[in-house]
Amino acid sequence: MVADDLARQKAAALRADWTTDDQYYDNADSWVGSFWADQTAFRQMFNRLDPDVIVELACGRGRHSWQMKDWSNRKILIDVVPENIEFCQRRFTGVANVECLANNGVDLAGVETASATALFCYDAMVHFDHVIVLQYLLETARILKPGGQALLHHSNYPGNPGGDYKTNPHWRAFMPGGLFVDYCRKAGLDVIEQRLIGWGGEPALDCVSLIGKPAA
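So, a few notes on the structure that sits alongside this text. (Residues numbered from 1 in each chain as written. Predicted model: local features only at pLDDT ≥ 70, side-chain atom pairs only at ≥ 80, totals over all residues. Heavy atoms only, no water.)

## Remarks on the environment of Asp 79
So, point 1. As for its position among the elements, Asp 79 is in strand β2 (residues 74-79).
So, point 2. Take Asp 79: its relative accessible area is 5%, and that puts it in the buried class.
So, point 3. The sequence separation of Asp 79 and Leu 101 amounts to 22 residues, and the corresponding C-alpha distance is 6.7 Å.
So, point 4. Discounting residues that sit within four places of it in the chain, Asp 79 has contacts with Ala 58, Cys 59, Gly 60, Asn 84, Ile 85, Leu 101, Ala 102 and Asn 103. (Helix = DSSP H or I, 4+ residues; strand = E, 2+ residues; numbered from the N terminus. Buried < 20%, exposed > 50% of the residue type's maximum accessible area, 1.4 Å probe, protein only. Contact = heavy atoms within 4.5 Å.)

Written out as C-alpha cells, the structure is:
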C-alpha cells in the first residue's frame, strides 16, 4: 500500500534524525522527574492505565520506563533506533519482566495481538509524521486487550503541512487537533480525554490523549 510505503520512508528519516543525538539523550534523563510529578497532566492520566502489561513506544534510552523499574508488571520497550534498544538492554540488566525490542518505526510486530493492558508514548510522538501516527494507532488497537488504554503525547501543531518537522517550533510535526481524533476513530479506538499543553513557551503546542479499545 502507498500509505504503508510512505510511513516507512518517514520512519527511516526519523530514525536517521535521532540515531546519533547523544546530547539529547544525556540531557533527557535530567528532565524526566518533571514529567512524572504528581501534578502533571501526563502523570494524572498515566495513573488511569492498567500497567499489568505495558508497552512503551519510542522508549529512547528507557528514561520513562525506568520510573517503573521496581514494579512487578511486564514492561515492553520499543524503539526504532537499534542503539537505543541496546542501551536499554544494558540499563535494565537485572530488572525483572522487561523486554526491549527494535522495530521498523511503523508497527509493533514483536507484540502479540490483544496481549497488552496499556501502551504509552511520551516526548516522542510529537515528532512523528501523521502517517506514522495512523499506523501506530492501528497497531495500538491490535495489541491492546479489550478495554485496554493508551496514553499518547502528540503534536497539536497545525502549521506547515507537508513540510519538514524540523523547521517547526520545537520540531513538532504537523498534526491539527481534529486529525488525531479522526485517526483514532478510523483505528476503532475511543478518545477518552485530551489535554492541551504548552511547550517551550508555545501555548497548546502539544496534546496528551488518553484513548481506549472498546471492551466489547
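Once you've had a look at it, read on.
## Observations concerning the pairing of strand β4 (residues 116-121)
So, point 1. With six of its six residues buried, β4 lies for the most part within the structure.
So, point 2. Strand direction decides the pairing type here: strand β1 (residues 53-57) and β4, joined by three bridges, are parallel. By the bridge assignment for β4, Val 55 is matched with Leu 119.
So, point 3. Sheet topology places β4 next to strand β5 (residues 144-155); five bridges connect them, and they run parallel. Looking at β5, one finds that Ala 118 is bridged to Gln 149.
So, point 4. Handedness of the β-α-β unit built from β4, helix α5 (residues 130-143) and β5 comes out right-handed. (Pairing = 2+ DSSP bridges. Right-handed = clockwise from strand over helix to strand, strands pointing away.)

## Examining the packing of aromatic side chains
So, point 1. In the structure shown here, the tally under the stated rule is 13 aromatic pairs.
So, point 2. Ring geometry for Phe 46 against Phe 120: centres 5.3 Å apart, planes inclined by 85 degrees, an arrangement best described as edge-to-face. Of this pair, Phe 46 sits in helix α3 (residues 41-46) while Phe 120 sits in strand β4; the two residues are 74 residues apart in sequence, bridging distant segments of the chain. As far as burial versus exposure is concerned, Phe 46 and Phe 120 are alike and both buried.
So, point 3. Members of the aromatic cluster, each reached through a chain of ring pairs, are Phe 35, Trp 36, Phe 42, Phe 46, Trp 71, Phe 120, Tyr 122 and Trp 199.
So, point 4. Lying across the ring of Phe 87, Arg 61 places its NZ or CZ 5.2 Å from the centre.
So, point 5. A cation sits over an aromatic face here: Arg 172 above Trp 199, 4.6 Å from the ring centre. (Phe/Tyr/Trp six-rings, centres within 6.5 Å; stacked < 30°, edge-to-face > 60°. Lys NZ or Arg CZ within 6 Å of the ring centre and 35° of its normal.)

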